[in-house]
Structure formats: structure tokens, C-alpha cells
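# Observations on the three-dimensional arrangement
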Amino acid sequence: MKNNRYSSIMESPAESGLLAAWHAFRIPIILILTALVLLVRFYSQPKAKTSSSSSLPPSPRLEKVVGLGDKPSLVIPTIDAERNALKDKPTASGPKRIVGNRQPRGANKRQEADSSARASFIKPVIYFASLTTSTARRAHWLEEELRTAAQAVSKGADKEYGLLPPEIYDLAEIDFEDHFVSAPKPPPNSPHTRYFYCFVIPTYNIDTIIDTFLSHLDETHNDFRIDTAPLSGLAGYSVFGFGDTEGWPTEEEGFCSQAKDLDRWMAKLTGKRRAYPLGVGDTKADPDHALKEWTTGLTEVLGEIVETGGLGEGVPGSGDPVESDEEDTDDEESEQTAKNSKKAQSMVVDLEDINVGGSANKKRGDPLPVDFTTKSDKSSNNQSTVKEMVPSTSPTYAALTKQGYTIVGSHSGVKICRWTKSAMRGRGSCYKYSFYGIKSHLCMETTPSLSCSNKCVFCWRHGTNPVGTTWRWKVDPPDMIFKGVKEGHYKKIKLMKGVPGVRAERFAEAMRIRHCALSLVGEPIFYPHINEFVGMLHDEQISSFLVCNAQHPDQLATLDRVTQLYVSIDASNRESLRKIDRPLHRDFWERFQRCLDILREKRNIQRTVFRLTLVKGFNVEDEVKGYADLVEKGLPCFVEVKGVTYCGTSSSASVGLTMKNVPFYEEVVAFVEALNEELKKRGLKYGIGAEHAHSCCILLASERFFVNEKWHTRIDYDRFFELLQKEKSEGTSFCPEDYMRETEEWALWGNGGFDPNDTRVRKKGRNKDRPAVEQ
């Protein structure tokens, strides 16, 4: 109470009156003040606008000269000029029309590109594909020409722009996603660098890496997750193709067809940034002259891009592009497809009107025939004209025949190897005799598929055999192939009867095939009827040794029993496998891993073998643990370790393979001993079972085949066919240990592996008049 009385005494009557008046009239006072502020701002607005018009910063649309050097400049009118022009026009009655200053689409980007054109570098990147190294040689010549042009263009120029030295890539050795899913980013030290793609490719009538590359471009363009023109950031591109007028006389018949397809896909992926027209060269005329002319025009274009920063009139950046007939045709086809689609939609029949066996043209309730096999005309035409893998008129046929092959049908082949000739002369058999008891003069080397899905750097076939990822050729029946390869083999054996040194008894033995090595060239498991073909071998008591490259897991999983199943293990990791085998499959490593899993499942039914080919500088150094990982994953019965054999061809040299990459036998021994120790550390029961020093080959074997303190790596072939026949008739299965046989003493580890019944002839370093022999 005391505090309240004190407060009331201190409050004066005047303050109480003001407070009461504010509470009574505060709302009208606020409204009046607000109105006064608005009136002041309204009357002061014209004066403020007039005084501030001259202090505005220059508009981006004020008069500006856009041009480079002595080129004609483009003058953009100012905003003031536009306003004056509008004032002179009579004002029309009615609603006012708003005139915007929005620039055309892409104008800002174009101005930015033009303004920074002189501050940019152009980096050419050359891509090529080559089987016989002729295209590779010409691609490297182009690289030197562009390098010289880079020096000439950049000489005396400002450091802010110029033509950089080119880079070159083999399409078989790169990951397409690193180069063709998005335009490469400029390096940090040169942020204005732009890339220019050059392509030099031949056209083949067989599956090659080019087919895989074109398929990748197709997938990239049609992938909904990727922009339809992901390479539009390139400075430009150009393509040169080589063709053969003997195989395809005209462009309509396929001359340089793959180069044309590449040019078309690149136009789509780059947003039509073709900088120079498609060039073509006929390998049967003067292809180098055509390439030189194309290169001259290409270097001029590169110089213009460096100087102006753009591709000129008719290409993106300076109006609508004028493209090739193929792209115009594509647009027409797209329009026609859209029309057909609309027409089809207008002819849709209600599901309630459809009765089985009826027709849409008949009255309601009549049956409607439905054809589930109808396809487009394009697909039916492709099926009706299935091509042969190796036509008798093709360069591939001529090349393989020249190498000693007998081509059977359209995709099979047979050839006798040097070890067959050596065994017939009593000079020793190959390592398979030391390891498994196969006499080389009783062995037929053949394949039902000349096509392969790899382009191994150590391939003896010089890159002339066809390659592919899927079977899309005519399929020959297995009985025709079986009969043809036998006839071809016997014909070649008969040619040996006049060769000096051939033993009569071995010539007679060679006229009865006892073994078949399905490892000649290509991928035997690729043949659709491989099981039927192997069955025909077994019906005639011919053992089967099938080699695959671990790239076809589905076919491997469905493979029936063979006498011995090989898988080539050419590298211990993804990167080494890509460099050595140069696979065509994009998921090659995943396929490889799946095949190892399948082999692990088959190890108790099949004799499984890992074949390791050591290439010095590629897969020898520091890869023992990696190989041990693969052995642990697949648990094969045997592991063959063999040094690569150099075939001495230009195709090998083109991938960097020389005699320096061939390991010495001592190096192979050191590798095998290290691998054996690594397997023991992991508790895997393997040991060194046999060797064939003459072939630079050593055999690691599972201790499953070490019985009574002796190795049993050889095969009892009579027992194998007996068990096979019993399996067919009674359904009883058998395992690899059921038909093993003891290894010969001379073939064991440490004894060299050369049959003492033969005579070894040493040719290297001997006197020509006195042959050096070894009993």
C-alpha cells in the first residue's frame, strides 16, 4: 500500500492528460502521418527520377564493339537509341505492349566465348584403331604433323592463346567413359584450354574395337541420365576413315561406313561441332595422299579456331548448322516415326473389342489375329542377310590362309603347329606331353570360332583374326565343321611325308588323331554348338583340351565335360589385364571374376587349369600376391606358368612388345618359386610338379594329384573314355583323380622335361655345317 500511494503522488496531472489523449487518438494520428509521408514521396518522385538518370551505371546493352583483330565488328545499338526510335513512332490506342530486352538464347555464351577467344589454347587429341598397325602408323604421322603445326601457329603469338602439342590414344587401350561421356576439363594451370578430337579409323567387315566404340557412343547418346550432347564443350572434331574399294566399291555399299557412323554420332554428341568434313582414303589407291590433303585442311581449321575462337559460319556459335545428308535423313526419319506413332495411336483398338482370333476390320465379336513375330522391316532385312565371319573373298581369309590355316566353312579353322612337325621328326613334343602325356604328332589344333573377344599383345595371329563380343554371323553345323577340320588336318600331315627327317612310324601314327587342342585362335567356347562339337570328338575317342579367355561366363557355365579345361590368366589385376589382353568387353574384369567362380565349382568334375603367360614389363613384377589371390579364388587343379613367345611382328611392336619382354627361363623359375611360397603361406596345398624348360614352361599342381609321394599329372586317356561312356549309360559321375596317371621321371621338376627318346636340335649359335644335337 505504501508503494502504490507513493507512485500516485509522483505522477503529475499533465502527464496523465497526455497519456489519456494518446490512447484516445493514436490510430487517427498514425494514419495522418502515413498519408503525409506518401504524399511527400509522390510529389518528390519526378524530380528524383530526372536527377538520377544521368548517374546510372552504363547498361550492358550500351553500344559495344564485338570483334577480334582486323575482323569485321558487330555494333550493338544502345538503349538510348532504341528509346528515341520508340518516341518517334505514333502511339497506338489500346493496351500498351511491353517490349523486352531479352537476348536470344545462347547470346551471352556466344559473347563470352568471343570475348575470351584470344585467351584460349586448343589441344588436339587423336584417337585411332588398328589391327594391322597401318592405321596406327598413319595416326602417329598425323600426330607429328599437328605437333609441327602447333609450333608454327604458336610461334610469335601471344602467350594468352595458341595451339598445344597433340595427344594420341589407341581406342583399344582406353576407357571410353573417361573420354566420351563428357568433354574433358581444362588443366588447373590452363583454365582456358579447349580440346579438339581427331579420329583416324579403318572400316572392317569383322567385329573390332570400333564396333564396341560405336555402340558406346550410341548408348551415351540415348542414356536418359546423360545430356544428349555431352561433348558440346569441345572446340570441334573431325574424322578420317580408311576403306577398301575392292570389298566395298561405293559408299552406298559400305565404303568407310564405320567412319561415317562415327562422324554421325560425334555430330550428335557434340551438338554438331564438325570442324572439318569427313575425309576418306582408299587403301587400294593412295591413302597417304588423301590423308595429307585432309591434314592440310585440318591444320588450317585449327589455326582459325586459335585465332577466332569459333568454328565460323554455319556451325554452332554463328547461326544454324548445315550438316551432312545422314543427319538430315535422321531428322526426316524421326519426323516420319513421330507421324507413324500418331497414326498408330489413332488406330488403337480397345482391349474389350479384342477377341482371340478376331480382326479389327471385322464386326465386333469376330476373332482378331495377333502376330507376335512381326518385326520392323529393318530388323527382318538384317536377319535375312546374315554375314559370314570370314568370307572366302575377304582380306581376313587371305591373311589367315597365308599363315598356314585351312579355313573350314565360314568361321572355323585348322592348322598344324611347329611341335607337330618337330614330333614327327623325332625332335621332341611340346610341354603338354611332359605334363599330360599328349604326343604332339597325334594332336589336332583347331577352333570352331576364329573370332575372339580380346586383342592380346602377344597374339601370334598378328591381329588378322576377327574379333567381336557377340555372335552375329552365320552358324555352320558342328558335323560339317568336324568333318572339315579332320580333312584339313590330314591333308597337312600328308604334306609332311616328303620333309627330311620325318620318321615313318610317327608319320603313320599321325594319321590317327588322338587329341584335339581347341586353342588355335579365337574363342572356341564362343561357338553356339560347342557341346555338340566336343561330343563328336569324344565319340571318336579324341580327347578334348579347350582353352578360353575368361570373357564368356554364360557359355562356360553351360559347357559339358571336356578332358581338360583351360582358362587364360594373363594378369592379376584389372589394369594389367586391360593392357595385356586388350578386351573388347567393357565389363571384362567382372566377366573374368565370374569365370573364376565357375571354375571353382567345376574343379571336382573337370580337370581345370590356369594358364599364366608371363610378359616381362607387363605382368611379372610385383604381381605374385595378385596371382595367388586368383588361385585362391578359383582353386584350379593345375597352374601352368609360361614365358611369352615373341612372334616378331609389327603388330607386337606397336603395343610396345619386343624381345626385351620375353623372360629368361631363370626368371620364370624365380616367379614360380615365389608363387609357390605364397600359396604355401596361405595354406593352399600346391607344389611344383613338372617342367618343360625347352618351352620355358613350369607346372604347379594341386596335392590332389600327389599320391604315394609321386606326382600324377598325366592323363589315362583310355580310362577317361571308359568313365565317360559309363557316365552316359549309367549316369555315374567321376572326378579328375579317377583318370590321372603318374608323371614320367624325366618330366619332373628339376629334370628339364625333354623326352630322352627324342633328339633335341639346337639351332641358335651353332655351326651351319655341323648341327648340334642332344640325345
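Calculation criteria
Residues numbered from 1 in each chain as written. Predicted model: local features only at pLDDT ≥ 70, side-chain atom pairs only at ≥ 80, totals over all residues. Heavy atoms only, no water. Helix = DSSP H or I, 4+ residues; strand = E, 2+ residues; numbered from the N terminus. Buried < 20%, exposed > 50% of the residue type's maximum accessible area, 1.4 Å probe, protein only. Areas by Shrake-Rupley, 256 points an atom, 1.4 Å probe, with all protein chains shown as cover. Contact = heavy atoms within 4.5 Å. Expected span 1.5 Å × (residues − 1). Axes fitted to C-alpha atoms, helices over the stretch in contact; angles between N-to-C directions. Parallel < 35°, antiparallel > 145°, perpendicular 65-115°, else oblique. Nonpolar A, V, L, I, M, F, W, Y, C, P; charged D, E, K, R; others polar. Pairing = 2+ DSSP bridges. Arc of directions from axis to C-beta. Polar contact = N/O pair within 3.5 Å; in protein donor to acceptor, adjacent residues only side chain to side chain. UniProt positions renumbered as here; feature names shortened; annotations may be inferred. Core = buried A, V, L, I, M, F, W, Y, C linked by side-chain atoms within 4.5 Å. Phe/Tyr/Trp six-rings, centres within 6.5 Å; stacked < 30°, edge-to-face > 60°. Lys NZ or Arg CZ within 6 Å of the ring centre and 35° of its normal. Salt bridge = Lys/Arg side-chain N within 4 Å of Asp/Glu carboxyl O.

Quick look at the overall build of the protein chain now. Looking only at helices and strands, the protein chain features 24 helices and 24 strands. Residue burial in the protein chain is summarised as follows: out of 775 residues, 44% are buried. Accessible surface, the protein chain as shown: approximately 42,200 Å² in total, 52% of it carbon and sulfur.

A few words now on the side chain of T608. Mapping T608 onto the fold places it in strand β15 (residues 608-614). Note on T608: relative accessible area 0%, which makes it buried. If near-sequence neighbours (up to four positions away) are discounted, T608 is found in contact with L565, L599, K602, R603, L635, P636, C637 and F638.

Looking at the secondary structure, you find L700 in strand β18 (residues 697-702). With 10 residues separating them in the primary sequence, L700 and A690 have C-alpha atoms 7.4 Å apart. Sequence-distant contacts of L700, defined by excluding residues within four places in its chain, comprise C637, F638, V639, V672, L675, N676, G687 and I688.

As a further point, take helix α8 (residues 257-269). Its 13 residues place the ends of α8 18 Å apart at the C-alpha level, agreeing with the 18 Å of an ideal helix rising 1.5 Å per residue. Most of α8 is tucked away: 10 of the 13 residues are buried. Among the residues of α8, those classed as buried are Q258, A259, K260, L262, D263, R264, W265, M266, A267 and L269. Once α8 finishes, G271 follows within two positions and takes phi at roughly 70°, a positive value.

Orientation of helix α19 (residues 574-581) relative to helix α20 (residues 588-602), taken along the N-to-C sense of each, is 105°, at an axis distance of 10 Å. Classified by the interaxial angle, the pair formed by α19 and α20 is roughly perpendicular. Note on element contacts: α20 touches α19 through F588, W589, E590 and F592, opposite R574, L577 and R578. Here the residues of the contact of α19 with α20 are counted per class, giving 4 nonpolar, no polar and 3 charged.

Before going further, it helps to spend a moment on the pairing of β18. For β18, the buried fraction is high: 6 of the 6 residues fall into the buried class. Where burial is concerned, the two faces of β18 agree: the one with C697, L699 and A701 and the one with I698, L700 and S702 are both buried. Inspection of the sheet shows strand β16 (residues 638-643) paired to β18 by 5 bridges, in the antiparallel sense. What sits directly across from V641, in β18, is I698. The pairing of strand β17 (residues 686-692) with β18 spans 6 bridges and is classified as antiparallel. Within the sheet, the bridge partner assigned to E691 lies in β18 and is I698. Between the antiparallel neighbours β17 and β18 lie 4 residues, among them C696 with a positive phi of about 55°.

Here helix α24 (residues 717-730) spans 20 Å end to end across 14 residues, near enough to the 20 Å set by a 1.5 Å rise per residue. All of the buried residues in α24 are Y717, F720, F721, L723 and L724. For α24, the angular spread of the buried residues around the axis is 160°, confining them to a single face. Residues of α24 that are exposed and angled more than 90 degrees away from the buried face: D718, Q725, S729 and E730. Buried-residue contacts for α24 involve α14 (431-436), β12 (515-518), α17 (530-539), β13 (543-548) and β21 (714-715). Capping the start of α24, D716 holds a side-chain oxygen 3.4 Å from the backbone nitrogen of D718, two or three residues further along.

As recorded in UniProt, the sites labelled "transmembrane region" (unreviewed entry) are residues 20-43. End C-alpha to end C-alpha, residues 20-43 measures 35 Å, and it is 100% helix and 0% strand.

As a further point, take unusual backbone geometry. Positive phi outside glycine occurs at A550, with the angle close to 60°. Along the chain, A550 falls in the loop between β13 and α18 (553-557). One non-glycine residue, L635, adopts positive backbone phi at about 45°. Take L635: it is sitting in the loop between α21 (624-634) and β16.

Remark: a regular strand shows side chains that alternate across the two faces of the sheet. Within strand β7 (residues 236-243), 8 of the 8 residues are buried, which leaves the element mostly enclosed by the surrounding structure. Neither face of β7 is open: one carries G236, S238, F240 and F242, the other Y237, V239, G241 and G243, and all of them are buried. Relative to β7, strand β6 (residues 193-202) runs parallel, the two sharing 7 bridges. Among the inter-strand pairings, Y197 is bridged to a residue of β7, identified as Y237. Pairing of β7 with strand β8 (residues 279-282), which is carried by 4 bridges, proceeds in the parallel orientation. Note that in β8 the partner of F240 across the bridge is G279.

L556, I569, F610, L612 and L675 are the most contacted members of the largest nonpolar core, which has 75 residues in total. Apart from residues lying up to four places away in sequence, I569 is in contact with F592, L596, F610, R611, L612, T613, Y627 and L630.

On to the packing of aromatic side chains, then. Within the structure shown, the criterion is met by 31 aromatic pairs. With a centroid separation of 5.5 Å and 85° between ring planes, the pair formed by W471 and W473 is classed as edge-to-face. Accessibility classification places W471 together with W473 in one group, the buried group. Ring centres of Y627 and F671 lie 5.7 Å apart, and the angle between their planes is 85°; on these two criteria the pair is classed as edge-to-face. Within this pair, whereas Y627 is found in helix α21, its partner F671 is found in helix α23 (residues 665-681), the two being separated by 44 residues in sequence. In this structure an aromatic cluster arises from ring pairing among Y127, Y169, F176, F180, Y197, F199 and F213. When the ring centre of Y405 is taken as reference, the NZ or CZ atom of K415 above it lies at 5.7 Å. The ring centre of F734 lies 3.7 Å from the NZ or CZ of R561, which sits over that ring.

Scanning the entire structure with this criterion turns up 29 salt bridges. With a closest N to O distance of 3.4 Å, D211 and R472 form a salt bridge. Placement of the pair is D211 in helix α7 (residues 209-222) and R472 in the loop between β11 (443-447) and α15 (478-494), with a sequence separation of 261 residues. D211 sits in the buried class, given a relative accessible area of 17%. In this structure, the salt-bridge partner of D261 is R264, at a minimum N-O distance of 3.7 Å. Of this pair, D261 and R264 both sit in helix α8, separated by 3 residues, roughly a single helical turn. On the basis of relative accessible area, D261 is assigned to the partly exposed category, the value being 28%. Several salt bridges converge on common partners, so that one network encompasses D629, E632, E678 and R682.

Quick look at the sheet that holds β11 now. Overall, mixed pairing links the 10 strands, which are arranged β9-β10-β11-β12-β13-β14-β15-β16-β18-β17 in an open sheet. Of all the strands in the sheet, the pair left with one neighbour each is β9 (406-408) and β17. Neighbour-to-neighbour, the strand axes of the sheet open up by a mean angle of 25°, direction not taken into account. Taken strand by strand, α15 contacts β9, β10 (412-415) and β11, and its axis lies near 25° from that of β10.

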